[in-house]
Amino acid sequence: MNRLFKVLSVLLIVAFLLSACQLPFNLVERIKNALIEKGQSGEVTEPAAQGTETTTTQPPVVYPAEGMAPVFAAYQQRPYTMPEVYQGGYTLSLKASELVNLDLFDLTDSQVEALLNNGFVVQPPNNDPSRMYNEFYQAYESIRYEETPVFVTTDAIFHVYHLIFDKMLRDLERTFFIDTLKELTTAMVTESVAQYEKLQGSPLEEAAIRNVAFFTVPAMILDLPVSVPAEAKKLAEEELALINEGGGISASPIWKTEGQATDNVLLEDYSQYIPRGHYTRDEALKTYFKAMMWFGRMTFRLMDPIETQRALLVVQAMRNAPTTSGKPALELWQNIYDPTVFIVGKADDLSIYEYGKLSDEVFGVHPELTSFADPLLAEKFTQAVKQLPPPQINSMWVYIWQERDAVTQGFRFMGQRFTLDQYVFGKLIWRKVGTTENPRDLPKSLDFLAAQGSEEAYNLLAEMGETKFENYDSQLAKVKEEVAGFGIDSWTQNLYWSWLYAQQPIFAPKGEQYPPFMRTQAWLRKDMQTALSSWTELKHDTILYAKQVMAEMGGGALDKPPRGYVEPNLEAYARLLALTEMTRSGLENREILDDVTRGNLDNLIEELVFLLDVSQAELNGVKLTEEQYWRIQYFGGWLESMTIAASDPADVALGGGNLSDQKSALVADVATGMGRVLEEGVGYPTKIYVVHPEAPYEIAVGAVYTYYEFDVPLAERLTDEAWQKMLETGKAPAAPEWTGMFIVK
């Protein structure tokens, strides 16, 4: 019977693997027909296990404030039960004689000591290309082949969500967003040229020609056949040269005007245009990245009259631009912006919505373009815009003597999105924290955990000397109060925020309801590494859209399954399950859920339900069935099938899974400082050894993330490929010192 179950299990996994890789898929028409529809309203259902939460604080204002459906899908967390006190288990420290299978593992004396003291230990990663684990499933399959009890980690399951999320986003971009962006850009070039021809000889001629150049830049990047005046082409080529060089801070040729004061010249960070994240995979994604980065970063500043005139012209061009599909240009814009609101969030910069409404009020619904040069009307418009909140996250160059809000407020064509982590970072760096002589120009990832209430994170920051910066403690207190006031409706407003919400239970201290090894300080730090690694994957996947603050399947011979164990992280699994279901329903509601993503999400949902059930049984002293133990033992096979399903084919047009592109190591730059940037890196997975809390005490083995934080020069922002090479050639920086409590040589 056991052998029959194992055979059936393998066949089921193989069947899933094949079904999940059915590519290509025909999605274009469904997306094009659906994306203009407004998002469905939804509701947030609070988890029964969590009690009642009261929303006392709303997140900072982001745009658009109106004209957009706020919710794509409902967030509903499933209830679960936990004991008041975990019954059974060993008492730490253990004795070697208490472990029945210790002699099966090649552990150093230091690792054995840590294992006995804490009930677990993590091995340092092996980054030798001939011996390392590219992906989590490889570690788990090696454990299964050794017939060792499997320890299913929170790390592995959160990593699967990252794989699915990143695959979903790549497919949406390739299938729809890129073509939509090309049509929109072409239309805006055409209409901007028409405006220029009409405004030649008028006070708006310069504003008009610079707008032509503005839209010509992404047209050139996307290799679109547009015809523009020579002056606009020259400006665009100068801009494109800086973008392709990616060298760092420089004055924008299109923005720099004659007679402009030196400190009013717009300085752009051209290193931001270096394709990173999944955008290095092919040329189409690279060019999409650069074009969208341009649209997302360049600000038509309210303080500059010509830039304000240009913004008003862009609003009218959006309303009148002819498109090849016959759809309004605004509809094309919404077809990109709206879905990414559900995925990442709204912009905190002013857009066509706010500028369009105020333009109608001041200049009329159908204004003569030349009226934008009227000084009285222009002043009235400027004063009206000043009444609106400025951006909450600054991603621009601001001189120390300038008033930030005045310099940064303005219009962006498709602004990058407000995210909570960047908001927190912005509150904890210079000019908010530090002095002119000792500025805190870069944050630490631990800042974000501390802002969410982690005392361990704060203590580590204090040990590092970070809390000694002037105003750090007072600023942290303020932002902690803000974050603590967010209710579940705020935390679950989109996929990005919900992913952050799912990470919170991971780094929360574990009490008497949990097994002994999970109540140690070493485990708390391991959990912090897990949360920060998952957060790094989130930053990696959304690096284009989120604004950045600036300051084999085989059979075993066993008749009985080894006694594996699931890390009983109930609240984290429950939140990740709700997030996965929210992802599925949100995409389905918009009719942009393709068969590949549907299959991936359905399989993750099923696995999370299983992990919830097993975790509840473990914590409540309910004996697992043989079937459940077999499923734990074959966790590596499930991971492999999910990894294949979330991979890109060797030929995107032909379909089929391909593991050659899958390496779990990745990197994301998350903040820009003074000539340097902060990089967050996830290395290759490594093994964790955990003493099973139920007698007879034996060691179960799993895999966990490895995590790094370091800075690099501004012009040397890292790609995944560069980071992987650093790891594999032994040139990577050391892991944070605090990880030494659980990663033992």
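Scoring rules and cut-offs
Residues numbered from 1 in each chain as written. Predicted model: local features only at pLDDT ≥ 70, side-chain atom pairs only at ≥ 80, totals over all residues. Heavy atoms only, no water. Pairing = 2+ DSSP bridges. Helix = DSSP H or I, 4+ residues; strand = E, 2+ residues; numbered from the N terminus. Axes fitted to C-alpha atoms, helices over the stretch in contact; angles between N-to-C directions. Parallel < 35°, antiparallel > 145°, perpendicular 65-115°, else oblique. Contact = heavy atoms within 4.5 Å. Nonpolar A, V, L, I, M, F, W, Y, C, P; charged D, E, K, R; others polar. Buried < 20%, exposed > 50% of the residue type's maximum accessible area, 1.4 Å probe, protein only. Left-handed = near helix turned anticlockwise from the far one by under 90°. Phe/Tyr/Trp six-rings, centres within 6.5 Å; stacked < 30°, edge-to-face > 60°. Core = buried A, V, L, I, M, F, W, Y, C linked by side-chain atoms within 4.5 Å. Salt bridge = Lys/Arg side-chain N within 4 Å of Asp/Glu carboxyl O.

1. Quick look at the sheet that holds strand β14 (residues 707-713)
The sheet built from three strands is open, its strands ordered β10-β11-β14 with antiparallel pairing. Where the open sheet ends on each side, the last strands, each with one partner, are β10 (666-672) and β14. Taken over all neighbouring pairs, the strand axes of this sheet differ in orientation by 30 degrees on average, direction set aside. Of the strand pairs in this sheet, strand β11 (residues 676-682) and β14 are connected by seven bridges, and their pairing is antiparallel. Its bridge partner being in β14, Val 682 is matched across the sheet by Tyr 707.

2. Observations concerning the packing of helix α5 (residues 154-199) against helix α19 (residues 495-503)
Where α5 meets α19, the axes come as close as 13 Å, and the angle between the chain directions of the two elements is 175 degrees. Judged on the interaxial angle alone, α19 and α5 are roughly antiparallel. In contact with Phe 158, Tyr 161, His 162, Phe 165 and Met 168 of α5, α19 contributes Leu 495, Trp 499, Ala 502 and Gln 503. A breakdown of the residues in the contact of α5 with α19 according to their chemical character gives seven nonpolar, two polar and no charged.

3. Topic: the environment of Asp 473
The residue Asp 473 is located in helix α17 (residues 472-484) in this model. The class for Asp 473 is partly exposed, based on a relative accessible area of 39%. Sequence spacing of Asp 473 and Leu 428 is 45 residues, and the spatial spacing of their C-alpha atoms is 9.1 Å.

4. Brief notes about the packing of α5 against helix α6 (residues 205-221)
Relative orientation of the contacting elements α5 and α6 amounts to 160 degrees, with a least axis distance of 9 Å. Considering the angle they form, α5 stands roughly antiparallel to α6. For α5 against α6, the interelement crossing comes out left-handed. On the side of α5, the interface is formed by Thr 185, Met 188, Val 189, Ser 192, Val 193, Gln 195, Tyr 196 and Leu 199, while α6 contributes Glu 205, Ala 208, Ile 209, Asn 211, Val 212, Phe 215, Thr 216, Pro 218 and Ala 219. Split by residue class, the contact of α5 with α6 holds eleven nonpolar, five polar and one charged.

5. Let's talk about the packing of aromatic side chains
Evaluated as defined, the whole model comprises 48 aromatic pairs. Ring centres of Tyr 279 and Phe 289 lie 5.2 Å apart, and the angle between their planes is 45 degrees; on these two criteria the pair is classed as tilted. Of this pair, Tyr 279 sits in the loop between β6 (267-269) and α8 (283-297) while Phe 289 sits in helix α8, and the two are ten residues apart along the sequence. Considered together, Tyr 279 and Phe 289 belong to a single accessibility category, that of buried residues. On the basis of an interplanar angle of 25 degrees and a centroid distance of 6.5 Å, the ring pair of Phe 418 and Trp 497 is categorised as stacked. Pair noted here: Phe 418 is in the loop between β8 (410-411) and α14 (420-427) and Trp 497 is in helix α19, with a separation of 79 residues, a long-range link. Trp 497 matches Phe 418 in its accessibility class, with the two residues each being buried.

6. Digging into the sheet that holds strand β12 (residues 686-691)
In space, the three strands of this open sheet follow the order β3-β12-β13, with antiparallel pairing throughout. With one partner strand each, in any of the chains shown, β3 (120-122) and β13 (699-704) form the two edges of the open sheet. Pairs of neighbouring strands in the sheet enclose a mean axial angle of 20 degrees, with direction left out of account. Across six bridges, β12 lies against β13 in antiparallel orientation. By the bridge assignment for β13, Ile 688 is matched with Gly 702. Sheet contacts for helix α3 (residues 109-118): β3, β12 and β13; angle to β3, the most-contacted strand, approximately 140 degrees. Running over the sheet, helix α4 (residues 136-145) touches β12 and β13 and is turned about 165 degrees from β13.

7. Topic: the side chain of Ser 533
If you trace the backbone, Ser 533 turns up in helix α20 (residues 521-541). Overall, Ser 533 belongs to the buried group, its relative accessible area being 0%.

8. With respect to the side chain of Arg 525
Position of Arg 525 among the secondary structure elements: in helix α20. Using a relative accessible area of 9% as the deciding quantity, one classes Arg 525 as buried. Apart from the residues lying within four places of it in its own chain, the contact partners of Arg 525 are Glu 456, Leu 460, Glu 463, Trp 738, Met 741 and Phe 742.

9. Some details on the nonpolar core
Of all hydrophobic cores here, the largest spans 216 residues; its most connected members are Ile 157, Tyr 288, Trp 294, Phe 413 and Leu 420. It is α5 that contributes the most residues to this core, 21 residues altogether. Dropping the residues within four chain positions of it, Ile 157 is found in contact with Tyr 573, Leu 576, Leu 604, Glu 607, Leu 608, Leu 611, Phe 635 and Trp 638. In this structure, Met 132, Val 677, Phe 710 and Leu 714 belong to the second largest nonpolar core, which totals twelve residues.

10. A closer look at the pattern of salt bridges
For the structure shown, the criterion picks out 37 salt bridges. Measuring nitrogen to oxygen at the nearest pair gives 2.8 Å for the salt bridge that ties Glu 466 to Arg 440. Of the two residues, Glu 466 sits in the loop between α16 (455-464) and α17 while Arg 440 sits in the loop between α14 and α15 (445-451), which places them 26 residues apart along the sequence. Neither residue differs from the other here; Glu 466 and Arg 440 are each classed as buried. Between Glu 512 and Arg 519 there is a salt bridge, with its nearest N and O atoms 4.0 Å apart. What emerges from the salt-bridge pattern is a single network uniting Asp 166, Lys 167, Arg 170, Asp 171, Arg 174, Arg 281, Asp 282 and Asp 648.

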